[in-house]
Amino acid sequence: MEQLSGKTALVTGSTDGVGRLVARKLGQVGARVLVHGRDAERGACVVADIEASGGAADFLAADLSALAEVRRLADAAQATVDRLDILINNAGIGTAGPRQTSAEGFELRFAVNYLASFLLTLLLLPLVKNSAPARIVNVSSAGQQPIDFGDVMLTRGYSGTRAYCQSKLAQIMFTIDLGAALKGTGVTVTCLHPATYMDTSMVRRAGVRPLSTVEEGARAILNLPHLPRLRDRRGSISTDCMRQERRPKPMIQMRVGSFRG
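This report concerns the structure included in the present document. Everything numeric in this text was worked out from a predicted model, so none of it was measured. (Residues numbered from 1 in each chain as written. Predicted model: local features only at pLDDT ≥ 70, side-chain atom pairs only at ≥ 80, totals over all residues. Heavy atoms only, no water.)

## Re the side chain of serine 167
Turning to step 1, where the next piece is worked out: Here serine 167 is to be found in helix α5 (residues 160–181).
Turning to step 2, where the next piece is worked out: Polar side-chain contacts of serine 167 include one of 3.1 Å to the side chain of asparagine 113. (Helix = DSSP H or I, 4+ residues; strand = E, 2+ residues; numbered from the N terminus. Polar contact = N/O pair within 3.5 Å; in protein donor to acceptor, adjacent residues only side chain to side chain.)

Written out as structure tokens, the structure reads:
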């Protein structure tokens, strides 16, 4: 990766799994990293790891299942730094568990995987635009489910897989729309399927045998803030930055429909 001295990055969900590794790698190449998570003790450990490698980091606590906490996170980020060159929306909930609702009553996976990153991005957008050239990366998935606009909160026929896949499709659609809206601003918006069933606690809780490593997923995510060829690919979906071949790119294009780039 290129050196990122003088750059600032916020990585949501960076006290565990692939987000933690991405935050550490960004710190190692000179970025000031805003580490986000719910647990202050784990956050302090990530900050210490980054600082031990010569980087700079701050921990910002927030529970993204509450939109009030999302707003508080945005306020804290803007109070901590005066620029934001890289925003990586990585935090999410997997498929395991029964139907739950957020603090505001939204289906929990839709709230955390989509609504939280949607709101956080819009709240931080002025700071990101003022830091251009800048990049927004949404960590999404090749798993997608058509959205039932008559029952978005899935009060009928609920399954964790359906809820997860619907939330990821919504996130991809937001990426495409935001990319078009930011044309000419110097801000590149992309999303990606980083790897299939990474060896994370989220995958293990779902009872799925991991098929790829956290290191593979982190490499894929870290490609997007750096690759010069992506500067003009607004609102694009990436799967070709993965080393493994199990990536259903045609399915993404077919289901999204308005895929560009």
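There's plenty left to go through after this.
## A few points about the nonpolar core
Turning to step 1, where the next piece is worked out: Within the largest apolar cluster, 35 residues are counted, with the highest numbers of intra-cluster contacts made by Leu120, Leu124 and Ile136.
Turning to step 2, where the next piece is worked out: When contributions to this core are tallied by element, the ones reaching two or more residues are α3 (67–80), α4 (108–130), β5 (134–139), α5 and β6 (187–192).
Turning to step 3, where the next piece is worked out: The element contributing the most residues to this core is α4, with ten residues.
Turning to step 4, where the next piece is worked out: For leucine 120, the residues in contact, after removing those within four places along its chain, are Leu10, Thr12, Val70, Leu73, Ala74, Leu87 and Asn89.
Turning to step 5, where the next piece is worked out: Core analysis: the next-biggest nonpolar cluster, separate from the first, contains 29 residues, Ala31, Val35, Val47 and Val214 among them. (Core = buried A, V, L, I, M, F, W, Y, C linked by side-chain atoms within 4.5 Å. Buried < 20%, exposed > 50% of the residue type's maximum accessible area, 1.4 Å probe, protein only. Contact = heavy atoms within 4.5 Å.)

## Let's talk about α5
Along an α-helix, residues three or four positions apart point the same way, because every turn accommodates 3.6 residues.
Turning to step 1, where the next piece is worked out: For α5, built from 22 residues, the straight-helix expectation of 32 Å at 1.5 Å per residue is met to within 8% by its first-to-last C-alpha distance of 32 Å.
Turning to step 2, where the next piece is worked out: Of all 22 residues making up α5, 17 are buried, and the element is well covered by its neighbours. (Expected span 1.5 Å × (residues − 1).)

## Overview of the packing of helix α1 (residues 17–28) against helix α7 (residues 214–223)
Turning to step 1, where the next piece is worked out: Contact pair α1 / α7: the axes reach a minimum separation of 9 Å and the direction vectors enclose 55°. Judged by the angle between their axes, α1 and α7 are oblique. The element α1 and its partner α7 pack so that their crossing is right-handed. Counted together, Gly17, Val18, Leu21, Val22, Lys25 and Leu26 of α1 and Val214, Glu215, Gly217, Ala218, Ile221 and Leu222 of α7 form the full contact between these two elements.
Turning to step 2, where the next piece is worked out: Among the residues forming the contact of α1 with α7, the class breakdown is eight nonpolar, two polar and two charged. (Axes fitted to C-alpha atoms, helices over the stretch in contact; angles between N-to-C directions. Parallel < 35°, antiparallel > 145°, perpendicular 65-115°, else oblique. Left-handed = near helix turned anticlockwise from the far one by under 90°. Nonpolar A, V, L, I, M, F, W, Y, C, P; charged D, E, K, R; others polar.)

## With respect to the layout of surface pockets
Rolled over the atoms, a probe as big as a water molecule pinpoints where empty space is left.
Turning to step 1, where the next piece is worked out: Approximately 1,200 Å³ is the volume attributed to the largest pocket.
Turning to step 2, where the next piece is worked out: When the residues that make up the lining of the largest pocket are grouped by side-chain class, the tally is 20 nonpolar, 19 polar and seven charged. (1 Å grid on protein atoms, 1.4 Å probe; cavity = no way out; pocket = protein on both sides within 12 Å on 5 of 7 lines; lining within 4 Å. Points joined across faces, edges and corners; volume = space filled by probe spheres on them.)

## So, the environment of arginine 135
Turning to step 1, where the next piece is worked out: By secondary structure assignment, the location of arginine 135 is in strand β5.
Turning to step 2, where the next piece is worked out: When its relative accessible area of 8% is taken as the criterion, arginine 135 is described as buried.
Turning to step 3, where the next piece is worked out: Taking C-alpha positions, arginine 135 is 9.5 Å from alanine 9, a pair spaced 126 residues apart along the chain.
Turning to step 4, where the next piece is worked out: Looking at arginine 135, its side chain comes within polar contact range of the main-chain oxygen of leucine 224, at 2.6 Å.

## Section: empty space enclosed by the protein
Turning to step 1, where the next piece is worked out: A full pass over the atoms with the stated rule returns one cavity of 30 Å³ or more.
Turning to step 2, where the next piece is worked out: At four residues, the largest contribution of residues to the lining of the largest cavity is made by α4.
Turning to step 3, where the next piece is worked out: Here the residues of the lining of the largest cavity are counted per class, giving five nonpolar, four polar and no charged.

## Details of the pattern of salt bridges
Turning to step 1, where the next piece is worked out: The tally for this structure, following the rule as stated, stands at eight salt bridges.
Turning to step 2, where the next piece is worked out: The salt bridge involving aspartate 49 is made with arginine 20; its shortest N-O contact spans 3.0 Å. Of the two residues, aspartate 49 sits in helix α2 (residues 40–52) while arginine 20 sits in helix α1, which places them 29 residues apart along the sequence.
Turning to step 3, where the next piece is worked out: Take aspartate 49: its relative accessible area is 31%, and that puts it in the partly exposed class.
Turning to step 4, where the next piece is worked out: Notably, a salt bridge pairs arginine 32 with aspartate 58, separated by 3.0 Å at the nearest N-O pair. Of this pair, arginine 32 sits in strand β2 (residues 32–37) while aspartate 58 sits in strand β3 (residues 56–61), and the two are 26 residues apart along the sequence.
Turning to step 5, where the next piece is worked out: What makes arginine 32 partly exposed here is its relative accessible area of 30%.
Turning to step 6, where the next piece is worked out: Overlapping salt bridges, with partners in common, bring together Lys7, Arg83 and Asp85 in one network. (Salt bridge = Lys/Arg side-chain N within 4 Å of Asp/Glu carboxyl O.)

## Comments concerning the pairing of β3
Turning to step 1, where the next piece is worked out: In terms of strand pairing, β2 meets β3 through six bridges, oriented parallel. Bridged to arginine 32 within β3 is alanine 56.
Turning to step 2, where the next piece is worked out: Handedness of the crossover is the feature at issue here: the chain leaves β2, passes through α2, returns alongside β3, and the resulting connection is right-handed. (Pairing = 2+ DSSP bridges. Right-handed = clockwise from strand over helix to strand, strands pointing away.)

## Thoughts on the packing of α3 against α4
Turning to step 1, where the next piece is worked out: Remark: α3 packs on α4, axes separated minimally by 9 Å, with the N-to-C direction vectors making an angle of 25°. Between α3 and α4, the crossing angle belongs to the class labelled roughly parallel. Crossing handedness for the pair α3 and α4: right-handed. Contact with α3, carried on its side by Leu67, Val70, Arg71, Leu73, Ala74, Ala77 and Gln78, involves Leu115, Ala116, Leu119, Leu120, Leu123, Leu124 and Leu127 of α4 and no other residues of that element.
Turning to step 2, where the next piece is worked out: Here the contact of α3 with α4 is built from residues that sort into twelve nonpolar, one polar and one charged.

Function-wise, these values are silent; they only describe arrangement.
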